[in-house]
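Report on the structure
Here is how the chains run, residue by residue.
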Amino acid sequence: MTSSASNQTVGLLGLQGAFQDHIPHLEALGARWRTVRDAAELEQVDRLIIPGGESTVMARYLKRFSLAEPLRARIEQGMPVWGVCAGSILLAKTVDGRPGILGALSIRILRNAYGRQVDSFQAVLDVPALSLSAFPAVFIRAPKIVEAGDRVEALSWFGKDPVFVRSRSVMATTFHPELGSDPIFHQYFLALPNRAPREFSAPGLPG
Ligand code: GLN
C-alpha cells in the first residue's frame, strides 16, 4: 500500500447508486480511481468509497457478486473506506435494530429516519476538523445515526445527530459531499491512514 494520494487508486463501489458524482472530486485532487464491481476489482484498489443509493439493493448485490466477505476482510485489514448515506448504512454495526452487512463501524443507524415528507433537505454544517463553517450539506432520504460507540469520533452534527463520523480508517457521512463543488471531504478521505479498525473485535451495540 502506498501512502501518497497521487499513488493510490481509489475504488468506487459501482454496483448501484451515485458513484459517478465522486469522479470530478477525485480527479481534481489528482487521485486515480476505478469502479469496483467484484472481488478481483477490489484487489486493484487501495481505498474504497461506498456511494449513496439504495442500501437494500447494494446489500443484495454485495452478496450476489460475492463481494461482501472480501470487502469486510479488506476493511478488517485496514483499507480506508468512506460510506456516503446508503454507504454508511452498509458500514453500520446495527441498522434498524438488526446487524448491518459489513459491521465495520460501531454506529446504530435508522434508515429514512428524517421522515418521508422531507425526502431531501439542505443544512449548513460546521465541521471543525476541516475548518469548515456553514458547509452546505445535502441530505437525501438520509439515515440517522442514533448511537455511536466510544471509539467513534463525531466530526459534525445536524442538531444532536452525528452526521460525519470516523473510526480509524473508516468514515461515514449521512449527507452527500460529492454533490457540492468542494473536494475537501475527498481530500480528508485520501489522507486517512491504512489502519485496522477496532470495531470487529468490539462488543456489539445494543439493538
Ligand atoms: N434511503 C436510502 C437507503 O436506505 C439512502 C439514501 C441515499 O443514499 N441517499 O439506503
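Refer to the structure above for everything that follows.
Let me sum up the structure you'll find in this document.

Cut-off values and rules
- Residues numbered from 1 in each chain as written.
- Predicted model: local features only at pLDDT ≥ 70, side-chain atom pairs only at ≥ 80, totals over all residues.
- Heavy atoms only, no water.
- Pairing = 2+ DSSP bridges.
- Helix = DSSP H or I, 4+ residues; strand = E, 2+ residues; numbered from the N terminus.
- Axes fitted to C-alpha atoms, helices over the stretch in contact; angles between N-to-C directions.
- Polar contact = N/O pair within 3.5 Å; in protein donor to acceptor, adjacent residues only side chain to side chain.

1. Remarks on the sheet that holds strand β4 (residues 81-84)
One open sheet holds the seven strands; their spatial order is β2-β1-β3-β4-β13-β12-β11, and the pairing between them is mixed. What marks the edges here is a single partner per strand, and that holds for β2 (32-36) and β11 (153-158). Averaged over all adjacent pairs, the angle separating strand axes in this sheet is 20°, with direction ignored. Across three bridges, strand β1 (residues 9-13) lies against strand β3 (residues 47-50) in parallel orientation. Bridge pairing links Val-10 to Arg-47 in β3.

2. What to know about the environment of Arg-32
Residue position: Arg-32 is located in strand β2. Through-space distance from the C-alpha of Arg-32 to that of Val-146 is 35 Å; in sequence the pair is 114 residues apart. A polar contact is formed between the side chain of Arg-32 and the side chain of Thr-9, at a distance of 3.1 Å.

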